[in-house]
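Below are the chains, spelled out letter by letter.
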Amino acid sequence: MTPTYPPEPFRIKVTEPIRLIPREAREAALKEAGYNLFLMKAEDIFIDLLTDSGTGAMSQEQWAALMRGDESYAGARSFHRLKSAVDDIFGFKHFVPTHQGRAAENILAACLVKPGQYVPSNMHFDTTDANIRARGGRPVNLVIDEAHDPGNRHPFKGNMDIAKLRAFIEKVGVKNIPLGMVTVTNNAGGGQPVSMENLKAIAKVYREYGIPFFIDAARYAENCYFIKQREPGYENKSVKEIAREMFALADGMCMSAKKDAIVNIGGLLCVNDETLFQNVKNELILREGFPTYGGLAGRDLDAMAVGLYEGLDEDYLAYRLGQTAYLASRLTEAGIPTIQPAGGHGVYVNAGAVFPHIPNYEFPAQALAVELYREGGIRGVEIGSVMFAYLDPETNEWHYPKLELLRLAIPRRTYTQSHLDYVADTLAKIKSRAASVRGYKFTYAPELLRHFTARFEPL
Ligand code: F0G
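Just so we're clear, the structure is a prediction, and the values are computed from it rather than from any experiment.

Basis of the calculations
Residues numbered from 1 in each chain as written. Predicted model: local features only at pLDDT ≥ 70, side-chain atom pairs only at ≥ 80, totals over all residues. Heavy atoms only, no water. Helix = DSSP H or I, 4+ residues; strand = E, 2+ residues; numbered from the N terminus. Rg over C-alpha atoms; globule rule 2.2 N^0.38 Å. Buried < 20%, exposed > 50% of the residue type's maximum accessible area, 1.4 Å probe, protein only. Contact = heavy atoms within 4.5 Å. Areas by Shrake-Rupley, 256 points an atom, 1.4 Å probe, with all protein chains shown as cover. Lys, Arg positive; Asp, Glu negative; His and termini not counted. Charge placed at Lys NZ, Arg CZ, Asp CG, Glu CD. Salt bridge = Lys/Arg side-chain N within 4 Å of Asp/Glu carboxyl O. Polar contact = N/O pair within 3.5 Å; in protein donor to acceptor, adjacent residues only side chain to side chain. Near = heavy atom within 4 Å. Nonpolar A, V, L, I, M, F, W, Y, C, P; charged D, E, K, R; others polar. Pairing = 2+ DSSP bridges. Axes fitted to C-alpha atoms, helices over the stretch in contact; angles between N-to-C directions. Parallel < 35°, antiparallel > 145°, perpendicular 65-115°, else oblique. Left-handed = near helix turned anticlockwise from the far one by under 90°. Core = buried A, V, L, I, M, F, W, Y, C linked by side-chain atoms within 4.5 Å. Domains from an automatic or database assignment. Buried area = accessible area lost by both parts, 1.4 Å probe.

*Asks:* Looking at this structure, how should I read the overall build of the protein chain?
*Replies:* Within the protein chain one finds 16 helices and 16 strands. For 459 residues, the compact-globule formula gives about 23 Å, and the C-alpha radius of gyration of the protein chain, at 21 Å, lands near that figure. For the protein chain, the C-alpha atoms occupy an extent of roughly 60 × 55 × 45 Å along the three principal directions. The 459 residues of the protein chain split such that 60% are buried. Partitioning the contacts of the protein chain with sequence separation of at least 6, the portion at a separation of at least 24 is 74%. As displayed, the protein chain has an accessible area near 18,600 Å², and 52% of this comes from carbon and sulfur atoms. Seen as two clouds, the 52 positive and the 55 negative side-chain charges of the protein chain have centres 1 Å apart.

*Asks:* Sorry, what's going on with the side chain of Asp126 here?
*Replies:* Along the polypeptide, Asp126 turns up in helix 5 (residues 126-134). Of the side chains bearing the opposite charge, Arg102 lies closest to the buried Asp126, which forms no salt bridge; the N-O distance is 6.1 Å. Among the polar contacts made by the side chain of Asp126, one reaches the side chain of His451 at a distance of 2.7 Å. Those residues in contact with Asp126 that sit more than four places away from it in its chain are Met387, Phe388, Leu449, His451 and Phe452.

*Asks:* Sorry, what's going on with the site of the ligand here?
*Replies:* Around the ligand, 17 residues are found, and the nearest of them are Thr51, Arg102, Asp216, Ser256 and Lys259. In this structure, Arg219 approaches the ligand through a side-chain N or O atom, which is 2.9 Å from an oxygen atom. At three residues, the largest contribution of residues to the shell around the ligand is made by helix 4 (residues 101-112). A breakdown of the residues in the shell around the ligand according to their chemical character gives two nonpolar, eight polar and seven charged.

*Asks:* For this particular structure, what's the right way to read the sheet that holds strand 11 (residues 381-383)?
*Replies:* Strands belonging to one sheet form pairs held by backbone hydrogen bonds; the direction of such a pair is parallel or antiparallel. Read across the sheet, three strands follow the order 9-14-11 without closing on themselves; strand pairing throughout is antiparallel. Sheet topology places strand 9 (346-350) and strand 11 at the edges, where each strand pairs with a single neighbour. Ignoring strand direction, the axes of neighbouring strands in this sheet form an average angle of 35°. Taken together, the five bridges between strand 9 and strand 14 (residues 405-409) define a ladder with antiparallel strand orientation. By the bridge assignment, Tyr348 is partnered in strand 14 with Arg407.

*Asks:* Mind showing me how you'd approach the environment of Thr426 here?
*Replies:* Looking at the element boundaries, Thr426 is found in helix 16 (residues 417-432). Distance in space between the C-alpha atoms of Thr426 and Leu37 is 17 Å, their sequence separation being 389 residues. Non-local contacts of Thr426, meaning those with residues more than four positions away in its chain, are made with Leu372, Glu375, Gly376 and Ile378.

*Asks:* Would you explain the pattern of salt bridges in this entry?
*Replies:* Pairs can form between side chains of opposite charge once their charged atoms are near each other. Inspection of every chain in the model, using the stated rule, returns 29 salt bridges. For Arg412, the salt bridge identified is with Glu222, shortest N-O distance 3.0 Å. Here Arg412, found in the loop between strand 14 and helix 16, pairs with Glu222, found in helix 8 (residues 220-230); they are 190 residues apart in sequence, far enough to count as distant. Glu222 sits in the buried class, given a relative accessible area of 0%. Between Arg374 and Glu371 there is a salt bridge, with the nearest N and O atoms lying 2.6 Å from each other.

*Asks:* Hey, could you run me through the sheet that holds strand 5 (residues 180-183) in this one?
*Replies:* The strand order across the open sheet built from five strands is 2-8-7-6-5, with neighbouring strands paired in mixed fashion. Strands with a single pairing partner mark the edges of an open sheet, and in this sheet they are strand 2 (94-98) and strand 5. On average, adjacent strands in this sheet sit at an angle of 15° to one another, irrespective of strand direction. Pairing of strand 6 (residues 213-216) with strand 7 (residues 252-256) involves three bridges; the strand directions are parallel. In the strand pairing of strand 7, Asp216 is matched with Cys254.

*Asks:* Just to check I follow, could you spell out the packing of helix 6 (residues 162-172) against helix 7 (residues 196-209) for this structure?
*Replies:* Pairs of packed helices are described in terms of their axes, by the angle between the two and the distance that separates them. In contact at an axis separation of 10 Å, helix 6 and helix 7 are set at 15° when each is read in the N-to-C sense. Considering the angle they form, helix 6 stands roughly parallel to helix 7. As helix 6 runs across helix 7, the sense of the crossing is right-handed. Contact residues: helix 6 offers Ile162, Leu165, Arg166, Ile169 and Glu170, while helix 7 offers Asn198, Ala201, Ile202, Val205, Tyr206, Glu208 and Tyr209. For the contact of helix 6 with helix 7, a count of residues per class yields eight nonpolar, one polar and three charged.

*Asks:* How do you make sense of the nonpolar core when you look at a structure like this?
*Replies:* One recurring pattern in soluble globular proteins: nonpolar side chains tend to sit buried together. Of all hydrophobic cores here, the largest spans 115 residues; its most connected members are Phe90 and Tyr220. Per-element tally for this core: the top contributor is helix 12 (residues 314-333), with eight residues. Counting the residues that make up this core, at least three belong to each of domain 1 (23-52 + 314-458) and domain 2 (60-310). Beyond its immediate sequence surroundings of up to four residues, Tyr220 is in contact with Ile89, Phe90, Val184, Ala243, Met246, Phe247, Met255, Asp260, Leu308 and Leu312. By size, the runner-up hydrophobic cluster in this structure holds 20 residues, among which are Ala104, Leu269, Val271 and Phe277.

*Asks:* For this particular structure, what's the right way to read the domain arrangement of the protein chain?
*Replies:* Think of interface size as the accessible area that goes away when the parts come together; that is how it is often given. Entries for the protein chain in the domain assignment read domain 1 (23-52 + 314-458) and domain 2 (60-310). Of note, the centres of domain 1 and domain 2, computed from C-alpha atoms alone, are 26 Å apart. Taken together, both faces of the contact between domain 1 and domain 2 bury some 2,800 Å²; the carbon and sulfur share is 58%. For domain 1, the biggest contributors to the area lost against domain 2 are Glu314, Pro341 and Arg412; these three give 19% of the whole. Residues Arg320 and Glu222 are paired through a salt bridge, measuring 2.7 Å at the closest nitrogen-oxygen approach. Inspection of the region where domain 1 meets domain 2 yields 19 residue pairs in polar contact (both at pLDDT 80 or more). Secondary structure elements with two or more residues in the side of domain 1 that touches domain 2: helix 12, strand 9, helix 15 (385-388) and strand 14. A total of six residues in the side of domain 1 that touches domain 2 trace back to one element, the largest contributor, which is helix 12.

Listed below in structure tokens is the structure:
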């Protein structure tokens, strides 16, 4: 039975028009963009589920906070308001703002990763993966096997496989692992949460080997709400208490504030270690800006300070996770295979199963992304071989990800039930003509992060 759609815990005060352009215009727009939805004009998109990153609606309190922005170069009041929120919620000794999550990742990788070294995680997301590779390092994904089985309803499918982690450290040696990570929620694996029990076990292993432990905290609040809903012993703790417990396990974190801090731009890098903090600041000054603004305007820091608390609000989180669960079950009813259970920030359609006749090297999830736009003006994002297949420098062989997914990311506080119903109905139409859909080939592809700029041709 479809869960009821939760009433939004807000009402709408400002609107932004969207429109569905005619079918021929959509076809022309696709061709012009080389069948890459990143290269389309946003005004040609009707419902944009490309990402939940920086696409949420800010609240009246956040817009009011923008007016209080202090644009002083150093020591701005805005920085101190942000610092008080960051200290209160995360509890690390030091932090710097960055312009977004990948800037924090770049600084961390610049300070810690040397060529040939490995960085384990449950699963790295694309920018983290690429920032490690860009320093000559090797990202390693050690998520539990259940994560690769779309139908398995494990409540914490983002968990790391602790036995694999131990075996991996023993195999490559501690000196080749400058830091260890975990991503909460696990975006690349379906927005699936990591349990507190697993986080404790990860922290224990890293600590035992003396490996600094960093959390990629982009969607930490959603992860903490899943812990509250699903993990025994946490049902009566507040999400903020759960967050404090989670971050107390780590030596630092990097975070894209464009997700759970509900801002359009911003990021954070927190560390406990003094020497590392010095190095972080030097790197930040070189690439981002002075440590009290880190590449952001003062007003952005203020919007983040307010958004961090709004992202932890439990009425909001119940609505948010209820919304993705609703879309996932509408798709299940229509016979469209998705990763189960629904993730926190989006629904991941198993495109490989929708188009079993399209092999991974012809990009089935890209084909589904194109069809979704063609049919209904909807933009999702491929999380499959376009994004993650890579040529192993040692064996010269292509490695393909285990799943070919189309992610429908839900921007925060932005779309309503009727929008999601329209998305489900459009996918159902595509499913009825699935056998006639063909794959794609590259006409251009860069080496790193190729999904952003690649161009395709239909086969
Ligand atoms: N870590 C995770 C888990 C992410 O999902 C992202 C971004 C980043 C780091 C990088 O943050 O964009 O602020 O530089 N994910 C976006 C997405 C782009 O669509 O999932 P950023």
